[in-house]
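Structural description and commentary
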Amino acid sequence: MSARLRNLVAHGIMDAVPAAEGGPYQEYELTEKGRGLFLVLAALRQWGEDFFFAPDETHVLLVDKKSALPVRRLELRAQDGRILGPSDTVIRQPPNTPEMKTANGRPQPAKRRASASRAQK
């Protein structure tokens, strides 16, 4: 097993299962956690197609098994159906969430919360 596959298995993204043919080999299938990454991977794929291929360069397509047609571009949409871009969104604390406090008991400024939580991991 390659280091990449070992890493995916170790992080619960893929499981090693016996080969369908019953041979001595293993196959790898996505776990629920791995299937949860599908939209992320499809979005990264579309981003790569936009920025890493020349306009006339041929590359493989992600297609719908049923229709054999390429899948539509992913879009982030508001509750009312509007397409959202980076300038249309903001990150906020959920309502009724207690403020995070510093060691001295004062609320942390919003910009420091993200870096503080990353440092704790």
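Details of the structure are given in the entry above.
Here the structure is a predicted model, which is why all the values come from computation and not from measurement.

1. Remarks on the overall build of the protein chain
Along its length, the protein chain carries four helices and two strands. Contacts in the protein chain between residues at least 24 apart in sequence constitute 11% of all its contacts with a sequence separation of at least 6. Only carbon and sulfur atoms are counted for the fraction: they give 58% of the accessible area of the protein chain, which is about 10900 Å².

2. Some details on the pattern of salt bridges
If you walk through the whole model with that rule in mind, you get four salt bridges. As a salt-bridge pair, Arg 73 and Asp 50 come within 2.8 Å of each other at their nearest N and O atoms. With Arg 73 in the loop between helix H3 (38-51) and helix H4 (110-120) and Asp 50 in helix H3, this residue pair connects regions lying 23 residues apart in the sequence. The partly exposed category is assigned to Arg 73, whose relative accessible area is 45%. Note that Arg 82 is salt-bridged to Asp 80, the shortest N-O span being 2.9 Å.

3. Section: a negative patch on the surface
Among the surface-exposed residues, Asp 15, Glu 21, Glu 27 and Glu 29 lie close enough to one another that they form a single negatively charged patch. Mapped onto the fold, Asp 15 is located in strand S1 (residues 14-18). Residue Asp 15 is classed as partly exposed on the basis of its relative accessible area, which comes to 38%.

4. Structural notes on a nonpolar patch on the surface
A cluster of nonpolar side chains, Leu 37, Val 40, Leu 41, Leu 44, Trp 47, Phe 51, Phe 52 and Phe 53, forms an exposed patch at the surface whose accessible area comes to about 820 Å². Position of Val 40 relative to the elements: it lies in helix H3.

Calculation rules
- Residues numbered from 1 in each chain as written.
- Predicted model: local features only at pLDDT ≥ 70, side-chain atom pairs only at ≥ 80, totals over all residues.
- Heavy atoms only, no water.
- Helix = DSSP H or I, 4+ residues; strand = E, 2+ residues; numbered from the N terminus.
- Contact = heavy atoms within 4.5 Å.
- Areas by Shrake-Rupley, 256 points an atom, 1.4 Å probe, with all protein chains shown as cover.
- Salt bridge = Lys/Arg side-chain N within 4 Å of Asp/Glu carboxyl O.
- Buried < 20%, exposed > 50% of the residue type's maximum accessible area, 1.4 Å probe, protein only.
- Patch = residues over 30% accessible without salt bridge, like charges linked within 9 Å, V, L, I, M, F, W, Y side chains within 5 Å.
- Lys, Arg positive; Asp, Glu negative; His and termini not counted.
- Charge placed at Lys NZ, Arg CZ, Asp CG, Glu CD.

The values are spatial; any link to function lies outside them.
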